[in-house]
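Structural features, examined
Here is what each chain is made of, one letter per residue.
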Amino acid sequence: MHKGLAIYPGSFDPPTNGHLDLIERGAKIFEELVVAILRNSEKSPMFSVAERLEMLRELTAHLRNVRIDTFDGLTVEYAKSIEGTCILRGIRAISDYEYELQMALMNRKLEPTLETVFMMPADKYSYVSSRLVREVAQAGGPVKGLVPEIVEEKLREKLDPAYKLRDVRSVEFAEPIGGSELDRRERKRKKKA
Ligand SMILES: Nc1ncnc2c1ncn2[C@@H]1O[C@H](COP(=O)(O)OP(=O)(O)OP(=O)(O)O)[C@@H](O)[C@H]1O
Ligand SMILES: [Mg+2]
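Here is what the cut-offs are and how they apply
- Residues numbered from 1 in each chain as written.
- Chains lettered and ligands numbered in written order.
- Predicted model: local features only at pLDDT ≥ 70, side-chain atom pairs only at ≥ 80, totals over all residues.
- Helix = DSSP H or I, 4+ residues; strand = E, 2+ residues; numbered from the N terminus.
- Buried ≥ 20, exposed ≤ 12 C-beta atoms within 10 Å, placed from the backbone.
- Contact = placed C-beta atoms within 7 Å.
- Near = placed C-beta within 6 Å.
- Arc of directions from axis to C-beta.
- Core = buried A, V, L, I, M, F, W, Y, C linked by C-beta atoms within 7 Å.
- Axes fitted to C-alpha atoms, helices over the stretch in contact; angles between N-to-C directions.
- Parallel < 35°, antiparallel > 145°, perpendicular 65-115°, else oblique.
- Left-handed = near helix turned anticlockwise from the far one by under 90°.
- Nonpolar A, V, L, I, M, F, W, Y, C, P; charged D, E, K, R; others polar.
- pLDDT = per-residue confidence, 0-100.

**Observations regarding the overall build of the protein chain**
Helices and strands together make up the secondary structure of the protein chain, namely eight helices and five strands. The N-to-C order of helical and strand elements in the protein chain reads β-α-β-α-β-α-β-α-β-α-α-α-α. Out of the 193 residues belonging to the protein chain, those deemed buried represent 27%. When contacts within the protein chain are restricted to residue pairs at least 6 apart in sequence, long-range pairs at least 24 apart make up 76% of them.

As structure tokens, then:
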């Protein structure tokens, strides 16, 4: 295990199975891993920072050396403030590489002592991104297998606020087709009369 503290920065809007795969891999090689949610990365995020924090906390509760935090501004400044020694980032495809390389080199210029470490996810998650998950969910498509179950549930609630209520109502107010037994007896009685 690598000594020291690594930071895994991102927007995690929402957390996906790809993120989780990377967190689990990172937790195996670093002594401590801080998943750091960048505040204000998007003007209109789907999930608030508090919601993302809560989801990530729940999803990583089983990993003892992982904690979740939020930050603003430069990643290198945040890393220094918590005495981090590494930045962890994920690479899915060549398309990620160019941007990630630019950022890693810029961060090295800003803080030469901080190393960036790249990890690859399991190939089944190599096409999963938060943006794609948001788009599929907003269009009513299934996101099963792309995000953890609690995220799937939160997406459903977010996109259909009546979802939870509807579920409760369907249990409380459900009536047999053709009305209740009492209604039927009443109708029979009226017919006879
Ligand atoms: N499926 C994945 N496999 C490996 N790394 C990933 C995966 N998804 C995201 N990452 C990496 O996690 C880090 C944080 O990413 P970020 O929060 O921007 O997620 P994202 O899926 O790219 O979201 P968005 O689509 O909103 O940009 C980045 O280094 C990104 O490359
Ligand atoms: Mg991204």
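**Some details on the site of ligand 1**
Surrounding ligand 1, one finds 18 residues, the nearest of these being Gly-10, Gly-18, Gly-90, Pro-121 and Arg-131. For the shell around ligand 1, the secondary-structure elements that each account for two or more residues are helix 1 (17-29), strand 4 (86-90) and helix 5 (130-138).

**Some words on helix 2 (residues 49-59)**
Taken together, the buried positions of helix 2 are occupied by Arg-52, Met-55, Leu-56 and Leu-59. Projected down its long axis, helix 2 shows its buried positions confined to an angular sector of 95°, all on one face. On its buried side, helix 2 packs onto helix 1, strand 2 (30-38), strand 3 (66-71) and helix 6 (149-159).

**Section: unusual backbone geometry**
The omega torsion of the bond from Asp-13 to Pro-14 falls at 0°, within 30 degrees of zero and hence cis. Structurally, the position occupied by Pro-14 is in the loop between strand 1 (2-10) and helix 1. In this structure, Phe-12 takes a positive phi of about 50° despite not being glycine. Relative to the helices and strands, Phe-12 resides in the loop between strand 1 and helix 1.

**Things to note about the nonpolar core**
With 32 residues, the main nonpolar core has Ile-7, Tyr-8, Ile-23, Leu-33 and Val-35 as its most contacted residues. The leading source of residues in this core is strand 2, at six residues. Those residues in contact with Tyr-8, other than ones at most four positions away along the chain, are Leu-22, Ile-23, Gly-26, Leu-33, Val-35, Ala-36 and Leu-88.

**Focus on the packing of helix 2 against helix 6**
The N-to-C vectors of helix 2 and helix 6 enclose an angle of 155°; their axes lie 10 Å apart at closest approach. As judged from the angle between their axes, helix 2 and helix 6 are roughly antiparallel. In this structure, the crossing between helix 2 and helix 6 has a hand that is right-handed. Facing Met-55, Glu-58 and Leu-59 of helix 2, the residues of helix 6 in contact are Ile-150, Val-151 and Lys-154. Taken together, the residues that form the contact of helix 2 with helix 6 break down as four nonpolar, no polar and two charged.

**Overview of the environment of Glu-149**
Locating Glu-149 in the fold gives a position in helix 6. On the basis of neighbour counts, which here come to 9 C-beta atoms within 10 Å, the residue Glu-149 falls in the exposed class. Separated by 90 residues in sequence, Glu-149 and Leu-59 place their C-alpha atoms 9.8 Å apart.

**As for the environment of Pro-14**
Its 26 C-beta neighbours within 10 Å are what place Pro-14 among the buried residues. Residues Pro-14 and Ser-129 lie 115 residues apart in sequence; the distance between their C-alpha atoms is 9.1 Å. Each residue touching Pro-14, except ones within four places of it in the same chain, is listed here: Met-46, Phe-47, Arg-52, Met-55, Ser-130, Val-133, Val-147, Val-151, Lys-154 and Leu-155.

**With respect to the confidence of the model for the protein chain**
For the protein chain, mean pLDDT is 88; residues scoring 70 or higher make up 81% of the total. Every residue in residues 167-177 is under pLDDT 50, and counting partners more than four places away or in other chains gives one contact.

**A word on the environment of Pro-148**
Among the secondary structure elements, Pro-148 is positioned in the loop between helix 5 and helix 6. The sequence separation of Pro-148 and Met-55 amounts to 93 residues, and the corresponding C-alpha distance is 9.7 Å. Setting aside its immediate chain neighbours within four residues, Pro-148 contacts Asn-17, Leu-20 and Leu-59.

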